[in-house]
Every structure is written in C-alpha cells, then in structure tokens.
Protein chains: 2
Amino acid sequence: MEHTTEYKDLVNQKQDFLPGISIDCVIFGFHENQLKVLLIKFGNTQIYSLPGGFIYKEESLDEAANRILDHRTGIEDTYLEQFYIFGDPKRVNPEEHRWIMQKNGIDLPSDHFLFNRHITVGYYALVDFTKIQPHSYLNHEESGWFDIYDLPETIAFDHREILTKALDSLRLLLDHKLAVFNLMPETFTMGELQSLYETILNKKLLRANFQRKMLSLGILERLDKKWGGGAHKAPYLYRFDSQKAEANKFSNQFEE
Amino acid sequence: MEHTTEYKDLVNQKQDFLPGISIDCVIFGFHENQLKVLLIKFGNTQIYSLPGGFIYKEESLDEAANRILDHRTGIEDTYLEQFYIFGDPKRVNPEEHRWIMQKNGIDLPSDHFLFNRHITVGYYALVDFTKIQPHSYLNHEESGWFDIYDLPETIAFDHREILTKALDSLRLLLDHKLAVFNLMPETFTMGELQSLYETILNKKLLRANFQRKMLSLGILERLDKKWGGGAHKAPYLYRFDSQKAEANKFSNQFEE
DNA sequence: TAATATTGTATCGTTGTGATACAATAAATC
DNA sequence: GATTTATTGTATCACAACGATACAATATTA
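Residues numbered from 1 in each chain as written. Chains lettered and ligands numbered in written order. Predicted model: local features only at pLDDT ≥ 70, side-chain atom pairs only at ≥ 80, totals over all residues. Heavy atoms only, no water.

**Describing the protein's contact with DNA strand D**
Within the structure, DNA strand D sits among 23 residues, and Arg207(A), His232(A), Tyr236(A), Gly228(B) and His232(B) are positioned closest to it. The sugar and phosphate moieties of DNA strand D supply 50% of its atoms located within 4 Å of the protein. Within the side chain of Arg212(A), an N or O atom sits 3.2 Å from a base oxygen of DNA strand D. Contact between DNA strand D and Arg222(A): a phosphate oxygen at 3.1 Å from a side-chain N or O atom of the residue. When contributions to the surface near DNA strand D are tallied by element, the ones reaching two or more residues are helix 7 (207–217) of chain A together with helix 7 (207–217) of chain B. Taken together, the residues of the surface near DNA strand D break down into 10 nonpolar, six polar and seven charged. (Near = heavy atom within 4 Å. Polar contact = N/O pair within 3.5 Å; in protein donor to acceptor, adjacent residues only side chain to side chain. Helix = DSSP H or I, 4+ residues; strand = E, 2+ residues; numbered from the N terminus. Nonpolar A, V, L, I, M, F, W, Y, C, P; charged D, E, K, R; others polar.)

**So, the interface of chain A and chain B**
Every contact between the two is made by 23 residues of chain A and, on the other side, 23 residues of chain B. Summed over both partners, the interface of chain A with chain B buries about 1,700 Å², with 62% contributed by carbon and sulfur atoms. It is Gln82(A), Ile85(A) and Arg117(A) in chain A that bury the most area against chain B; as a group they hold 30% of the surface buried on that side. Counting across the chain A and chain B interface gives 10 residue pairs in polar contact (both at pLDDT 80 or more). The greatest single-element share of the side of chain A that touches chain B, amounting to four residues, is contributed by strand 5 (residues 79–86) of chain A. Class assignment of the residues belonging to the side of chain A that touches chain B gives a composition of 13 nonpolar, four polar and six charged. (Contact = heavy atoms within 4.5 Å. Buried area = accessible area lost by both parts, 1.4 Å probe.)

**Notes on the sheet that holds strand 9 (residues 220–225) of chain A**
Residue and element names in this part refer to chain A. If you trace the three strands from one edge of the open sheet to the other, you get 8-10-9, paired in antiparallel fashion. Each end of this open sheet is capped by a strand with a single partner; those strands are strand 8 (187–189) and strand 9. Along the sheet, successive strands turn relative to each other by an average axial angle of 40°, direction set aside. With four bridges connecting them, strand 9 and strand 10 (residues 236–240) associate as antiparallel partners. (Pairing = 2+ DSSP bridges. Axes fitted to C-alpha atoms, helices over the stretch in contact; angles between N-to-C directions.)

Here it is as structure tokens:
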C-alpha cells in the first residue's frame with residue numbers, strides 16, 4: 001500500500017500536531033481553457049478529497065499550508081491564502097472517514113483522534129499549471145486535476161462545499177487583486193488571459209473591451225508575436241510586469 | 001472579584017471546549033459620527049482586549065460566536081461574520097496572559113491549558129449602537145466603546161492586529177454588501193449615513209454625489225422630515241428597506 | 001422680516017464600459 | 001503565388017457612472 005508512509009504520519013504523530021484542527025488546500029491551476037483543481041483519490045474507492053494536513057505545534061497556519069502545498073505539488077513559493085474556516089461539528093462523517101481508511105488497509109479504532117471533530121482552515125493556492133510536473137507523491141495518491149465545473153461525483157466530507165467557497169473567494173479576488181496572474185504561465189496571449197477570466201467568472205466577455213481594459217491597467221509588458229498559432233493574424237505575447245503594476249498603484253493588489 | 005464567574009468557566013470547563021481554538025469578536029458600532037469597537041478592560045490593569053471565548057464541543061463556530069456576542073451585548077440576532085483566522089504560534093505571549101490573570105487574583109499554573117497555543121477565529125459584528133444598553137456583564141468587565149481611530153494604548157496579545165484586519169474587512173464589505181446598514185439605527189438622515197461611510201473609509205465624500213448614489217440604489221424608504229435639527233432646511237429621514245433591496249437584486253448583498 | 005446653515009437636486013465635463021465595426025495579417029487552400 | 005479564412009488589434013459610438021460645482025428650498029435663529 002503506497003499511502004502507508006503518509007498515513008503512518010497521521011496515525012502516529014498525534015502528539016506533534018495541534019489537536020482538532022486541519023488545513024485543506026484548494027489548488028487552482030489553469031490549463032486548456034479550464035480552471036482546474038487538484039484532487040486526491042483515496043485508494044480502493046471512487047472518493048476524492050482535497051489535499052490537506054495538520055499543523056505542527058510550532059508552526060504557523062501559513063507555514064503549515066505552505067508545507068502541505070509543497071508536499072503535494074513540489075511548488076515552494078506560490079500564491080497561497082486562507083479564505084474561510086469550516087467549523088460545523090458535523091462537517092465530517094466519522095463513519096465515512098473510518099470506512100475510507102479501512103479501504104486503504106488501515107483499521108483504526110473509532111475513538112482514534114483522526115475521527116474526532118476537526119475544524120479546517122481552507123486555503124487556496126494559485127499555481128502555474130505548466131510548472132507542475134506529475135510529482136511522485138501525486139502518483140502515489142492517484143491525484144489529478146479536475147475541471148472545477150466538472151468535478152467527480154463522489155467528493156469526501158464537506159469538500160464540495162469548500163470548493164464552492166474557494167471559487168467564490170477566487171471571484172472576489174479578481175476584483176481586488178492581480179493575484180490571478182499566478183495562474184498564468186510566464187508569457188501568454190490576450191486571448192488566453194481572457195479565457196482565464198471567463199472561466200473563473202463563468203461567463204463570456206467581449207474581446208475588444210477586455211483587451212482595452214487590460215491594456216489600460218498598465219500592468220502588461222508586450223513581447224514578440226506568437227507565431228504558428230493558426231491561419232490568422234499572430235497575437236502578441238504578454239508578460240505580467242509586477243514593477244509596472246506597482247508603479248501603477250496596483251502594488252497593494254498583488255501578493256498581499 | 002467580579003470576573004470570577006466567567007473565569008471559573010474558563011478554568012474548569014476545559015473538557016467542554018474544543019482545545020487550542022478560540023473566537024475573538026470585533027463588535028462595531030456607530031455613534032456620534034465615530035466608528036466604535038467594544039473592548040474589555042482586564043481588572044487591575046490598563047490592558048484592553050477583544051471580547052472572546054471558546055467553542056463548546058457540540059457547537060458550530062457561528063453558534064459559538066453568536067453565543068459569545070449575546071453574552072457580551074445582549075443582542076441575539078445581528079450581523080456576524082468570520083473574517084480571518086489568526087494562527088501565529090507566537091500571537092499570544094503566555095507570560096503576559098498569566099500576569100493579567102494574576103492581576104485578577106487568579107493564579108494559574110504556567111502549564112494551564114489557557115496558556116497553551118491558541119488559534120483564534122476573528123468575527124466581526126455590526127450592531128445598532130442605540131439598541132445596546134450598558135449590559136450588566138459589560139460593567140463587570142469594565143468594557144466600553146472606543147473610537148476605532150483612537151484606541152487605548154495597551155491592547156493585549158495580537159488584538160490590535162485583529163482590529164486592523166477587521167477594519168480592512170469592513171471596508172471590503174462596504175463595496176459588496178449592504179450589511180453596514182446594521183450599524184445604523186432604524187431611521188437616519190442622509191448626512192448620518194454619509195458620516196458612517198466616511199468614518200469607515202476614513203475619507204471625505206462629496207455630499208451631492210453620495211446622495212445621488214444612495215438614492216439610485218433604490219434601497220431606501222423616505223420618511224417624514226426630521227424637525228428641530230437646527231437653523232436650516234430639515235433633512236428627510238430614511239429607513240433601509242430590505243424588500244426594496246431584494247427587489248433591486250441586492251438580495252445577495254445583504255445578510256449572506 | 002432677514003440672515004444663516006444645511007439640504008435636495010440639477011448640471012457640466014470626464015471617464016469607464018457595452019456594443020459594433022473594420023483593417024491587419026499568418027497560415028491554409030487552391 | 002494569389003486567394004481565402006480565422007483571428008487579432010484598434011477605433012468608434014452611445015450610454016452609464018462619477019467628480020465637481022452651482023443653486024434653489026427651507027427650518028430655525030436673530
């Protein structure tokens with residue numbers, strides 16, 4: 001059983017973790033015009049969940065979230081922010097949880113700490129999809145990217161609700177900060193950027209107006225044209241220019 | 001010592017509470033053109049703190065926050081929302097905490113659970129100042145309202161940071177929801193409403209434009225004029241009309 | 001009765017935005 | 001190599017939103 005290492009941590013390290021609290025990460029990526037989230041499939045089941053973990057006793061919440069994210073994606077520095085804390089006492093069904101563990105060959109007593117009530121802090125990460133290679137850890141967990149609008153049927157616990165709230169928060173972020181550029185690769189066309197906005201907002205935008213608005217913000221550096229995209233005029237490539245953004249008083253809208 | 005009852009709870013009921021997690025409430029009110037927050041003064045000190053508490057094991061976070069708020073202000077139904085979770089392992093200095101308790105005649109061992117690391121969930125409440133009478137509980141705690149821009153010098157733990165974050169969140173709320181009307185009395189003049197906005201945003205607004213904007217939202221009911229306000233034209237009184245707000249597609253901007 | 005302070009509203013110019021149009025052009029097709 | 005095609009970059013028009021200013025209305029005071 002490939003999960004053993006991780007689960008051993010969970011099972012044995014109770015004394016190292018803060019009790020009764022966990023972190024769940026909604027890892028957003030953008031690929032082929034789809035907004036994706038990274039989900040983990042529990043072994044021997046069809047149940048998916050968010051990657052999560054616990055907080056060491058000497059660790060801040062942000063540090064824990066970064067550690068968990070690094071563990072799952074191999075990305076160390078990326079945009080990561082808490083968006084909500086989920087504290088319903090019935091948010092996790094301990095029977096469901098125990099059944100999942102059993103399916104993975106781990107038979108824990110029903111009074112094991114893992115099945116106690118846990119409050120969970122929701123973090124979302126905005127990662128550059130192109131920089132994430134299938135991590136060894138990912139394979140072990142049978143994790144994968146899913147279109148946020150086409151999620152698996154069975155999602156564990158209250159994780160579907162967490163995903164919904166994360167998407168809501170991401171939409172709010174669009175209005176206030178420029179953090180969504182963390183979802184784009186280093187260079188991109190205006191059409192690709194528009195596609196990201198459309199996917200997050202789940203509605204079509206007028207191309208001409210989107211371009212006008214984006215250029216007027218003064219945060220993009222225009223590079224060479226992108227050749228070979230098809231039988232049509234070649235689009236420019238752009239790069240997000242954080243210095244320009246700062247000069248244009250958008251400093252407070254990006255990366256805190 | 002008047003605190004005894006509450007502190008007894010804290011000291012003895014460890015087993016009833018979720019371990020390692022607390023709630024702190026930033027209770028906003030609006031009075032005499034000032035944005036106020038309710039702070040508690042620890043006995044025999046000059047140290048103020050936010051009213052807070054712990055979560056019972058069968059209670060949701062929102063329920064706990066409501067209970068704590070009710071306890072402090074006597075208000076049962078009001079606008080209450082979590083805004084951030086504070087999880088720095090050094091956010092509370094246990095020595096400072098123990099010293100404060102000692103000053104209140106409660107000498108706890110340094111390994112008492114109260115001095116363990118606690119993560120705290122920040123909630124803000126928007127209350128109608130005119131409906132809050134000095135609650136018996138308040139007197140006991142020597143609590144009082146403070147202008148958010150003129151806080152006491154000594155504020156315990158990381159509570160000043162929590163207050164700052166709460167004010168930031170309140171400003172965001174202004175853009176998205178109509179919840180700030182919870183801070184106003186039942187009826188008010190346009191000038192009073194403008195004063196609230198100016199106080200939250202900490203900047204002056206143009207009277208004519210503010211009035212035009214507010215009226216155009218179609219969320220206010222115009223009542224009789226308010227007489228006796230001085231040697232000038234009498235202003236109209238307004239009432240926030242949640243039905244109008246709903247009809248004008250603002251339903252999603254108010255009370256969830 | 002006149003003066004005063006404040007309120008309610010109108011107006012002007014500027015900016016931002018939705019909608020549409022059109023020229024430019026890289027690759028595919030003939 | 002000329003033509004076609006799909007897409008891009010930009011211009012334009014109408015309208016809404018907004019900052020700034022002006023002014024008439026009016027409840028109280030003098």
